[in-house]
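Residues per chain are reported as follows:
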Amino acid sequence: HTVSHPVMSKLSREDQKTQIEDSFSFLNSIGCIEEKTYCHPYGGFYSFNDDTIDLLSIQNVKYSFNVESRDILEIDIKKSRQFLPRYNCNQFKYGKAS
């Protein structure tokens, strides 16, 4: 989810790289990482770009998640590993911030 939760598509490639690497470095330092997964801050296709996807792949991130409220399909796993759909918690009865 990055270090400071920016909209990644607004950052340079180098700044995106720092956000991703530093986030995983921190998780690794506290022993909280077995498989690398990632959730795009804010979600939505506007919030990341090709640089983000490339950097996640370079970091060997197994799966990344994007806010696109629908179930994951088999084709998503084959073709969209770095932006799999996930439901927006705000859609659920107790999911909204109070």
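Residues numbered from 1 in each chain as written. Predicted model: local features only at pLDDT ≥ 70, side-chain atom pairs only at ≥ 80, totals over all residues. Heavy atoms only, no water.

Draft legend 1. Inspection of the overall build of the protein chain at higher detail. Per the secondary structure count, the protein chain includes three helices and three strands. Listing each helix as α and each strand as β along the protein chain from the N terminus yields α-β-α-β-α-β. With the C-alpha coordinates of the protein chain rotated into their principal frame, the extents come out at 35 × 35 × 30 Å. Residue burial in the protein chain is summarised as follows: out of 98 residues, 31% are buried. Sequence separation of 24 or more characterises 45% of the internal contacts of the protein chain that already satisfy a separation of 6 or more. Summing over all exposed atoms, the protein chain offers an accessible surface of approximately 6,400 Å²; the carbon and sulfur share of this is 52%. (Helix = DSSP H or I, 4+ residues; strand = E, 2+ residues; numbered from the N terminus. Buried < 20%, exposed > 50% of the residue type's maximum accessible area, 1.4 Å probe, protein only. Contact = heavy atoms within 4.5 Å. Areas by Shrake-Rupley, 256 points an atom, 1.4 Å probe, with all protein chains shown as cover.)

Draft legend 2. Focus on the sheet that holds strand 1 (residues 37-39). Ordered by their spatial adjacency, three strands build an open sheet running 1-2-3, and the pairing between neighbours is parallel. Two strands in the sheet have a free side with no partner beyond their single neighbour: strand 1 and strand 3 (84-86). In this sheet, adjacent strand axes meet at a mean angle of 30 degrees when their direction is disregarded. Where strand 1 lies against strand 2 (residues 63-67), three bridges are found, and the strand directions are parallel. Bridge pairing in strand 2 links Y38 to S64. (Pairing = 2+ DSSP bridges. Axes fitted to C-alpha atoms, helices over the stretch in contact; angles between N-to-C directions.)

Draft legend 3. Highlighting helix 1 (residues 13-29). Between its first and last C-alpha, helix 1 extends 24 Å over 17 residues, near the 24 Å set by a 1.5 Å rise per residue. Its buried side turned inward, helix 1 meets strand 1 and helix 2 (50-58). Just downstream of helix 1 lies G31, where phi reads positive at about 70 degrees. (Expected span 1.5 Å × (residues − 1).)

Draft legend 4. Examining helix 2 more closely. Taken together, the buried positions of helix 2 are T52, I53, L55 and L56. All buried residues of helix 2 fall inside an arc of 165 degrees around its axis, so they share one side. Away from its buried face by more than 90 degrees, helix 2 exposes D50 and I58. Check the buried side of helix 2 and you find it contacts helix 1, strand 1 and strand 2. (Arc of directions from axis to C-beta.)

Structural measurements only, silent on function.
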